[in-house]
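Here is how the chains run, residue by residue.
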Amino acid sequence: MASASPGVTEDDDNRTNDGAVDGDASFSGGGVKASSTTNLAEAGDIPSASNGTVPSVEKQRELVKKFYQSQLQKGDSWYLVDTRWFRQWKKYVGFDGWDTDGVGDSSTCAHPGPIDQTPLYERGTTQLRSSLLDEMDYTLVPDNVWKELHAWFGLADGSEAICRRVVEFGMFTKHCKVEVYLIEFKLLKVEGSGESKPVTMGFSRSDTVNEVKEAAMKALNVPAESECRLWDRYVTSSMSLIKDEIQTVQEAGLYSGQVVCLEVKNTDGTWPQGQQEKTYSTSSSSSSGYSSNNSGYGSTSSTSNYSSSYSSASYTSPSSSSSSYFSGWGWSSKRPSKPGLCGLSNLGNTCFMNSALQCMSNTPVLTRYFLGGKHVVELNKDNPLGMKGKIAFAYASLLGEVWGGRVSTTAPRDFKYAVGQFAPQFSGFAQHDSHELLAFLMDGLHEDLNRIKKKPCVELKDSGGRPDTVVAKEAWENHLKRNDSIIVDHFQGQFKLTFILPTF
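Predicted model only: the values in this text are computed from it and were never measured.

K.L.:
Looking at this model, I keep getting lost on the overall build of the chain. Mind explaining?
P.N.:
Looking only at helices and strands, one finds 13 helices and 14 strands in the chain. Contacts spanning at least 24 positions in sequence make up 73% of the contacts within the chain whose residues lie at least 6 apart. When the accessible surface of the chain is summed, it comes to about 25,200 Å², and 50% of that surface belongs to carbon and sulfur atoms.

K.L.:
Looking at this structure, how should I read the pattern of salt bridges?
P.N.:
Any two side chains of opposite charge can pair if their charged atoms end up close together. For the structure on display, the rule yields 15 salt bridges. Arg 451 is paired through a salt bridge with Asp 489; the nearest N and O atoms lie 3.0 Å apart. Here Arg 451 is found in the loop between helix 11 (434-448) and helix 12 (468-482), whereas its partner Asp 489 is found in helix 13 (residues 486-491), with 38 residues between them in sequence. The partner of Arg 466 in a salt bridge is Glu 474, and the shortest N-O contact between them spans 3.1 Å. On the accessibility criterion, Arg 466 (28% relative accessible area) is partly exposed. Taken together, the shared-partner salt bridges in this structure form one network comprising Glu 378, Arg 451, Asp 484 and Asp 489.

K.L.:
Explain helix 4 (residues 143-153) here, please?
P.N.:
At 3.6 residues per turn, the α-helix brings residues three or four places apart onto the same side. Most of helix 4 is tucked away: 11 of the 11 residues are buried. Taken together, the buried positions of helix 4 are Asp 143, Asn 144, Val 145, Trp 146, Lys 147, Glu 148, Leu 149, His 150, Ala 151, Trp 152 and Phe 153. Gly 154 sits one or two residues past helix 4 and shows a positive phi near 70°.

K.L.:
What exactly am I supposed to notice about unusual backbone geometry here?
P.N.:
Working note: non-glycine residues mostly have negative phi, and peptide bonds are mostly trans. One non-glycine residue, Asn 221, lies in positive phi territory at about 60°. With respect to the element layout, Asn 221 can be found in the loop between helix 5 (209-219) and strand 8 (228-235). Positive phi values are uncommon outside glycine, yet Lys 388 reaches one of about 60°. By the secondary structure assignment, Lys 388 is in the loop between helix 8 (374-378) and helix 9 (390-402). For Lys 388, a relative accessible area of 43% gives the class partly exposed.

K.L.:
So what exactly am I meant to see when it comes to the confidence of the model for the chain here?
P.N.:
Predicted coordinates in areas of low pLDDT are best not read in detail. Averaged over the chain, the pLDDT score is 76; the fraction of residues at 70 or greater is 72%. Throughout residues 1-51 the model reports pLDDT below 50, and contacts reaching past four residues in sequence, or to other chains, amount to 124 contacts.

K.L.:
Just to check I follow, could you spell out a nonpolar patch on the surface for this structure?
P.N.:
On the surface, Phe 495, Leu 497, Phe 499 and Leu 501 cluster together into a nonpolar patch covering about 590 Å² of accessible area. Note that Leu 501 resides in the segment after helix 13.

K.L.:
Can you help me understand the nonpolar core in this one?
P.N.:
A general feature of soluble globular proteins is that nonpolar side chains tend to end up buried together. Counting 37 residues, the largest nonpolar core has Phe 370, Ile 391, Tyr 395, Phe 415 and Leu 445 as its most contacted members. Contributing elements (two or more residues each) for this core: helix 6 (351-361), helix 7 (364-371), helix 9, helix 10 (413-422), helix 11 and helix 13. With eight residues, the top contributor of residues to this core is helix 9. Filtering out sequence-adjacent residues up to four positions away, Ile 391 remains in contact with Ala 418, Val 419, Phe 422, Phe 440, Leu 441, Leu 445 and Asp 448. Among the nonpolar cores identified, the runner-up in size contains 24 residues, and Val 64, Trp 89, Ile 115 and Trp 146 belong to it.

The rules behind the values
- Residues numbered from 1 in each chain as written.
- Predicted model: local features only at pLDDT ≥ 70, side-chain atom pairs only at ≥ 80, totals over all residues.
- Heavy atoms only, no water.
- Helix = DSSP H or I, 4+ residues; strand = E, 2+ residues; numbered from the N terminus.
- Contact = heavy atoms within 4.5 Å.
- Areas by Shrake-Rupley, 256 points an atom, 1.4 Å probe, with all protein chains shown as cover.
- Salt bridge = Lys/Arg side-chain N within 4 Å of Asp/Glu carboxyl O.
- Buried < 20%, exposed > 50% of the residue type's maximum accessible area, 1.4 Å probe, protein only.
- pLDDT = per-residue confidence, 0-100.
- Patch = residues over 30% accessible without salt bridge, like charges linked within 9 Å, V, L, I, M, F, W, Y side chains within 5 Å.
- Core = buried A, V, L, I, M, F, W, Y, C linked by side-chain atoms within 4.5 Å.

Dropping the structure here:
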């Protein structure tokens, strides 16, 4: 048996009676904490270090290999291990098989020592460095593998266990990944006496809004029996109430770095911010709310009626003797505006999306189509290539706000969430190309509104020396047999591409 590594003795093997590692990293807002899974020694009848001894390098190698390639499962906990330390451990035990010289011999192969996580931290803190790369800076290991490594080698001074949860992305194409970087919110308490100083906390994308609220109440010292609600502050002067507390942080469209307000109900039963709530509804109607009297894109007849109502036309910020973190509330976004003259709030690097949406919003033929409610009639929810009508409805709802004339700015959260469900590459808050988003949106709208309910099989023929006009007409007719929508009517066509090969 190999000698015990530094920091691992019979008295300080850091294990509880049930086999869980003391000090497992947990994070506020949803309990991102490693579950007490069965350790590998129990699963494979392999000696572990729970009795104060460290298995031989052969047993270590066998034990870790058995579970190292575990599949990611939603909700599981995985741990980050500094790659340099992990590579040294692999070399020490001959994990890769091709490098076995000096295996287990500290005189020829350096002992890895306690697990040193400090290279992953910002200097002087235990916060993860930004832009860490998988396999370059850190290695992800399953919960049960981490527990054994921790029992064998312990943690170096200044190091902590870094536990992260596996989350699921996408609606139809599901894929799981370890959420290395948590979403950080600036939590702010709002009550009758004013506002508190913001507190920064990290949350998982899979945490529910209710879990965020409970964590905020603890962090901001609000009694558990108090009645509270959360507000999403997406721009300096605008907020919206988060009504659905069952939805996840990802579903709510919250992004890292933003302010989330915890409003505490007054003792007299009133809310500091009053009862102002933003409502938006779509219902069947014989006339459109967007007539030619209030919009250049109006329609004299419609099957859809959009409305945005607010129980209060104005709002006065709570008084405070000190400078307010929310100075300049004023609710400028709720002021009436000329239809179509409405800004889109940046939800964190979403200017690429907003610019594309503004261009589409100012395309008369398409906007008239949606504001007139024609999309409701032509919706194709059964199209296997479509998105069950969700993209079309999300875009129509957004246009309803932009052209309603009731707000001067709005946050396209619901639209962004709908897009992220079908195109996970847009689900985060990273920068993207406007044209890529525009291409996805146009294709999504086309398939959601495709008038062809059952696409026929079409034979594609070679030109066979026929005139270009004949071949082009045939190709376009075949295209229309499978594709017929408002997008095809006005945004699709043909072009001729000619290749001239150089002669040598």
